[in-house]
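Coordinate inspection notes
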Amino acid sequence: MKSQEQDIPMYINGRSVFTGDTQQINPPHEFNHSLGFYHKGSIKHIEDAIQAAQEARPGWNSIPWEERAAIFLKAADLLSGPYRARMNAATMLCQSKNVFQAEIDAVAELVDFYRFNVQFMTEIYSGQPENAFGTWNRLEYRPLEGFIFALTPFNFTSIAGNLPGAPALMGNTVVWKPARTQIYSASVIMEILMEAGLPEGVINLIYVDGSVAGNVVFSHPDFGGLHFTGSTEVFQSMWRTIGNNISSYKSYPRIVGETGGKDFVVAHASADPVAVATALTRGSFEYQGQKCSAASRAYISRSIWNTVKEKMVDDLRSFKMGSPEDFSNFINAVIDDKAYMKITEYIARAKKDGLEIIAGGNYNKESGYFIEPTVIVTTNPKHTIMCEEIFGPVLSVYVFDDASYDSILETVDQTSPYALTGSVFAKDRQAVITAMRKLSHAAGNFYINDKPTGAVVGQQPFGGARASGTNDKAGSILNLFRWVSPRTIKENFNPPKDYRYPFLDEE
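Small disclaimer: the values here were computed from a predicted structure and weren't measured.

1. Things to note about the side chain of Arg-57
Structurally, Arg-57 is set in helix H1 (residues 43-62). Although Arg-57 is buried, it forms no salt bridge, and the closest oppositely charged side chain is Glu-145 at an N-O distance of 5.5 Å. Filtering out sequence-adjacent residues up to four positions away, Arg-57 remains in contact with Leu-144, Glu-145, Gly-146 and Thr-173.

Below you can see the structure in the form of structure tokens.
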């Protein structure tokens, strides 16, 4: 795939759209190499995509649910079979994921999303009310009235496939805008869905600037819902726009979003220090820390810190960094220049502030956006690097006195506006119970003696609250409920023919 330049169109109403306004696609780890070009869209293409989605709605709504299921089940089989290598390769090249990170994301998780969502859908439809004698009550799970706007991120190909796929499975039609840096693999997802039999206009894939798309989508009276993963700032801005336009919509749009995180690891004095170090090594630096769930701040008991530090530093020294084409590289490049500049500014600030850097701290973008996995130790638990989302291979550590465990849990809870993932390490069960209680709202996905990454569809439904999103739990039945509007139907087999009730009789 690397040896062939791709000419990637948009897909509107089932047709390939080539605009001639092309943008080059480059691997983050080798940005002088061209993977090909994508065709950028305009306001007209957004309008065309919305029109296609609206025209496809009646036919897609009327298709029996099992026919919709068949399409996504076939897509899962195609993805896990003939498209597996291509999907992995696209994710490795375009998003700089090593082969393992690509496989568990672009193939395994997306296949799980499609297959589990079909199971969840059948469970939803089977949920029916009780019937009294002479009546038949039922619930009809209608798609939403209007089109869904799916806005997807660069960091997980599986999320890019699920955000338009979940609403479509439930009978909705979708306008899908992927992140610019994920277009290369998004186009492969679209090819799979089309080969699986997805009808024209059900999912329309467009490549436009976010602000341009938002202006058109959020002012349209038929806007029915937003399925989003991305930054908190963007999500809050869209929510404000939707709120300002609320009187112009036919119905209240569903707003589902998973946003940022400042995910934590807390290690009690009773924790296994080697397990803690491994959790930090994997949880902070797999995929260069560009996971919404990546461990970004750690609070380590002083009595185990030296052992944790020694193990973690040794592990980081053994990391190899470079292209995902070399399978021995654990670390690859961050996604683009904007991310590179943001992450390195945090490292530079830590150096300026005199914080202790015990691993990494170096970076280079001569041929790709490479940043060493960096561990920074601070004596101030409220320092910027402990509070703000960095979204890169930077772990901030605060070492606390063993006796301060209860109070440090309060610090963890109050330090960040986010509440996505977090974990506690302890052998002492009371320490675990205390953390569970004090951190009740600090993480939507909470882990005990495990890293805070790696949620599995159907096992650990994913999502957080506070500034981390609406916590609608992708990978569970809860998310699919958001894309239906139930209608209650009562049928009376023996309707009354006299308005008079028995109590009206004189005798």
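2. What to know about the pairing of strand S20 (residues 421-425)
Among the five residues in S20, five count as buried, and that is most of the element. Burial along S20 is two-sided: the face carrying Thr-421, Ser-423 and Phe-425 and the face carrying Gly-422 and Val-424 are both buried. Relative to S20, strand S12 (residues 263-267) runs parallel, the two sharing four bridges. Within S20, the position partnered with Phe-264 by the bridge is Gly-422. Relative to strand S21 (residues 445-448), S20 runs parallel, the two being bridged by four bridges. Bridge assignment links Gly-422 to a residue of S21, and that residue is Phe-446. Taken together, S20, helix H14 (residues 429-438) and S21 form a β-α-β motif whose crossover is right-handed.

3. A closer look at the layout of surface pockets
When its volume is computed, the largest pocket comes out at roughly 1400 Å³. Considering the residues around the largest pocket, the lining is formed by 46 residues, among which Ala-179, Gly-230, Ser-231, Val-234 and Lys-338 are closest to the centre. Elements represented by at least two residues in the lining of the largest pocket include exactly strand S7 (147-152), strand S8 (174-178), helix H7 (210-217), strand S10 (223-229), helix H8 (232-244) and helix H11 (337-352). The greatest single-element share of the lining of the largest pocket, amounting to five residues, is contributed by H8. Residues that form the lining of the largest pocket fall into these classes: 21 nonpolar, 16 polar and nine charged. Computed from the structure, the second largest pocket encloses a volume of approximately 660 Å³. Lining the second largest pocket are 44 residues, and of these Glu-109, Phe-156, Gly-454, Ala-455 and Phe-462 lie nearest its centre. Taken together, the elements giving at least two residues each to the lining of the second largest pocket come down to helix H4 (99-126), helix H5 (157-169), S10 and strand S11 (254-258).

About the thresholds
Residues numbered from 1 in each chain as written. Predicted model: local features only at pLDDT ≥ 70, side-chain atom pairs only at ≥ 80, totals over all residues. Heavy atoms only, no water. Helix = DSSP H or I, 4+ residues; strand = E, 2+ residues; numbered from the N terminus. Buried < 20%, exposed > 50% of the residue type's maximum accessible area, 1.4 Å probe, protein only. Lys, Arg positive; Asp, Glu negative; His and termini not counted. Salt bridge = Lys/Arg side-chain N within 4 Å of Asp/Glu carboxyl O. Contact = heavy atoms within 4.5 Å. Pairing = 2+ DSSP bridges. Right-handed = clockwise from strand over helix to strand, strands pointing away. 1 Å grid on protein atoms, 1.4 Å probe; cavity = no way out; pocket = protein on both sides within 12 Å on 5 of 7 lines; lining within 4 Å. Points joined across faces, edges and corners; volume = space filled by probe spheres on them. Nonpolar A, V, L, I, M, F, W, Y, C, P; charged D, E, K, R; others polar.

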